[in-house]
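Overview (structure and organization)
Single-letter residue listing:
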Amino acid sequence: MPVCRPPVSPGFSATRHFVERSSLRQLRDDVLDFILEFGIRTRATGMTHVTVLERELPRAWRSLDVARQARGWIVLLNDEERLITCYRRGDANRFIRRKPKHRMSSDQLQRI
């Protein structure tokens, strides 16, 4: 069982699920702080997805170790700015942009 740790990012609270997943997936606190501070927020599927886009960072920051480690992480927040979960994908930005297009709307679900 992974060791659970409290979130260190001020201004954010975390669900138990987030604490377990971030520990299991080995998301370091400094990387989480970097993602939350410098990440791009995208609204998709009723959640806010936060991911770091290298091209949006200043050129000097792109080579930082923490920026390299933040690449590919997606952190999900709810409307109350509560950390819900985190996961890693190589194509994080493309995945988020594509995600809502493949989900059925509530109108489509009611017709089934």
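Preceding block: the structure.
As a starting point, this report considers the structure included with it. Quick caveat: nothing in here was measured; it's all calculated off a predicted structure. Once a new chain begins, its residue numbering starts again from 1 and follows that chain's sequence as written. Restriction of local features to residues with pLDDT of at least 70 applies here, the model being predicted, together with a cutoff of 80 or more for giving and counting side-chain atom pairs; totals for whole chains, interfaces and linings are based on all residues. Each side-chain value is derived from all of the structure's non-hydrogen atoms; neither hydrogens nor water enter the calculation.

Here's the deal with the overall build of the protein chain
From N to C terminus, the protein chain includes 5 helices and 5 strands. Here a strand is any run of E in DSSP of at least two residues, a helix any run of H or I of at least four, and the numbering for each starts at the N terminus. When its helices and strands are written in sequence order, the protein chain yields β-α-α-β-β-α-β-β-α-α. In this scheme, a residue with accessible area under 20% of its type's maximum is buried, one over 50% is exposed, and one in between is partly exposed, where area comes from a 1.4 Å probe on protein chains only. For the protein chain, with 112 residues in total, the buried portion stands at 39%. Residue contacts follow a heavy-atom distance rule, with two residues in contact if any of their heavy atoms lie within 4.5 Å. Counting contacts in the protein chain only where the partners sit at least 6 residues apart, residues at least 24 apart contribute 50% of the total. Here the accessible surface of atoms and residues is derived via Shrake-Rupley with a 1.4 Å probe, and residues count as covered only by protein chains that are part of the display. Accessible surface computed for the protein chain: about 7200 Å², of which carbon and sulfur atoms make up 51%.

Considerations on the nonpolar core
Soluble globular proteins tend to bury their nonpolar side chains together. Take the buried Ala, Val, Leu, Ile, Met, Phe, Trp, Tyr and Cys residues and link them wherever side-chain atoms come within 4.5 Å; each set so joined is a nonpolar core. Counting 21 residues, the largest nonpolar core has F18, L27, I35, V75 and L83 as its most contacted members. Put simply, the parts of the chain that give this core at least two residues each are α1 (16–24), α2 (29–38), α3 (65–70), β4 (73–77) and β5 (82–88). When residues in this core are grouped by element, the largest group, 5 residues, is from α2. Among the nonpolar cores identified, the runner-up in size contains 6 residues, and I74, L76, Y87 and A92 belong to it.

Considering the environment of Y87
Inspection of the secondary structure assignment puts Y87 in strand β5. In this structure Y87 comes out as buried when scored by relative accessible area, which is 17%. Taking the C-alpha atoms as reference points, Y87 and W73, separated by 14 residues in sequence, lie 5.8 Å from one another.

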